[in-house]
Amino acid sequence: MTKRFFTLAFAMILTVVAGTASAQQLSLAQISQYLNQLQTAQGGFTQINADGTLSTGTIYIKRPGRIRFEYNPPEKSLVIGQGGQLAIFDPRSNTGPETYPLNQTPLGIILQRNVDLDRARMVTNQTSDGTTTTITAQDPDNPQYGNIQMVFTGSPIELRQWIVTDDVGSQTTVILNDLVSGGSISERKFNIVSATSNWNP
């Protein structure tokens, strides 16, 4: 799996469940507060890859800085973010995982310890359709890393989908299914060294 594929894959759509009641556009301060309070979460995901193919699996989030994508069969891929690194386990590779700095991927924006979307030049677009609020965010110091478009519902505020656009313009959509926040997630889920030693594609 290449870095391009990962950021594509990492570019997630989390299925937007549109409610019948309308809601006002969420402010950047409200969204930042929600993300900062989101310590742990897990659930299913459906990924729409840049070539139109679909992947499914389970996602685990443990902020700050930790995320795990377990792909369902027949795929045997695995993606782990931990310790400032993003490791991509590709069953077609015989050399172990490819690793990249997490802060050089758009996902690093929402996994950082303190999310501040009001920071200058971080949010490049914000819209609302009455039921959802969509924002596009980038690293203001390194816009060349790409961006992440996130969709949120209100009452309560929930992240429903994201689309990652990587450094060459390719997009990956991830749809979150039944994402449940809170609860305990073992640190072993995010241990890149352990995953590497046990990797058996």
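Above this text you will find the structure in question.
Residues numbered from 1 in each chain as written. Predicted model: local features only at pLDDT ≥ 70, side-chain atom pairs only at ≥ 80, totals over all residues. Heavy atoms only, no water.

### Regarding the overall build of the chain
Then, in step 1: Helices and strands together make up the secondary structure of the chain, namely four helices and eleven strands.
Then, in step 2: Sorting the 201 residues of the chain into buried and exposed places 47% on the buried side.
Then, in step 3: Counted over contacts in the chain with a minimum sequence separation of 6, partners at least 24 positions apart contribute 58%.
Then, in step 4: For the chain, the accessible surface area stands at approximately 9600 Å², while carbon and sulfur atoms represent 46% of it. (Helix = DSSP H or I, 4+ residues; strand = E, 2+ residues; numbered from the N terminus. Buried < 20%, exposed > 50% of the residue type's maximum accessible area, 1.4 Å probe, protein only. Contact = heavy atoms within 4.5 Å. Areas by Shrake-Rupley, 256 points an atom, 1.4 Å probe, with all protein chains shown as cover.)

### With respect to the nonpolar core
Then, in step 1: Membership of the largest hydrophobic core comes to 35 residues, with the highest contact counts inside it found for Phe69, Ile110, Leu117, Ile148, Met150, Phe152 and Trp162.
Then, in step 2: Examining the composition of this core, we find that four residues originate from one element, helix 2 (residues 28–37), more than from any other.
Then, in step 3: Ranked by size, the runner-up nonpolar core spans nine residues in total, among them Ala87, Ile185, Phe190 and Ala195. (Core = buried A, V, L, I, M, F, W, Y, C linked by side-chain atoms within 4.5 Å.)

### Topic: the packing of aromatic side chains
Then, in step 1: Here the structure, examined in full by the defined rule, presents four aromatic pairs.
Then, in step 2: A centroid spacing of 5.3 Å and a plane angle of 90° characterise the contact between phenylalanine 45 and phenylalanine 69, whose relative ring orientation is edge-to-face. Note that phenylalanine 45 is positioned in strand 1 (residues 40–48) and phenylalanine 69 in strand 3 (residues 66–71), a separation of 24 residues in sequence.
Then, in step 3: Aromatic pair phenylalanine 89 and tryptophan 199: ring centres 5.1 Å apart, planes at 50°, arrangement tilted. Here the residue phenylalanine 89 occupies a position in strand 5 (residues 85–89), and tryptophan 199 occupies one in the segment after helix 4 (192–197), the gap between them amounting to 110 residues.
Then, in step 4: Exposure remark for tryptophan 199: the relative accessible area of 23% places this residue in the partly exposed category.
Then, in step 5: Through a chain of ring-to-ring contacts, three or more aromatic side chains come together here, namely Phe45, Phe69 and Tyr71. (Phe/Tyr/Trp six-rings, centres within 6.5 Å; stacked < 30°, edge-to-face > 60°.)

### Remarks on the sheet that holds strand 7 (residues 123–128)
Then, in step 1: One open sheet accounts for eleven strands, arranged 6-5-4-3-2-1-11-10-9-8-7; its pairing is antiparallel. Among the strands making up the open sheet, the edge pair consists of strand 6 (98–101) and strand 7. If you compare each strand with its neighbour and ignore which way they point, the axes differ by 20° on average.
Then, in step 2: One ladder, built from four bridges, connects strand 5 with strand 6; its direction is antiparallel. Counterpart to isoleucine 88 in the pairing with strand 6 is glutamate 98. (Pairing = 2+ DSSP bridges. Axes fitted to C-alpha atoms, helices over the stretch in contact; angles between N-to-C directions.)

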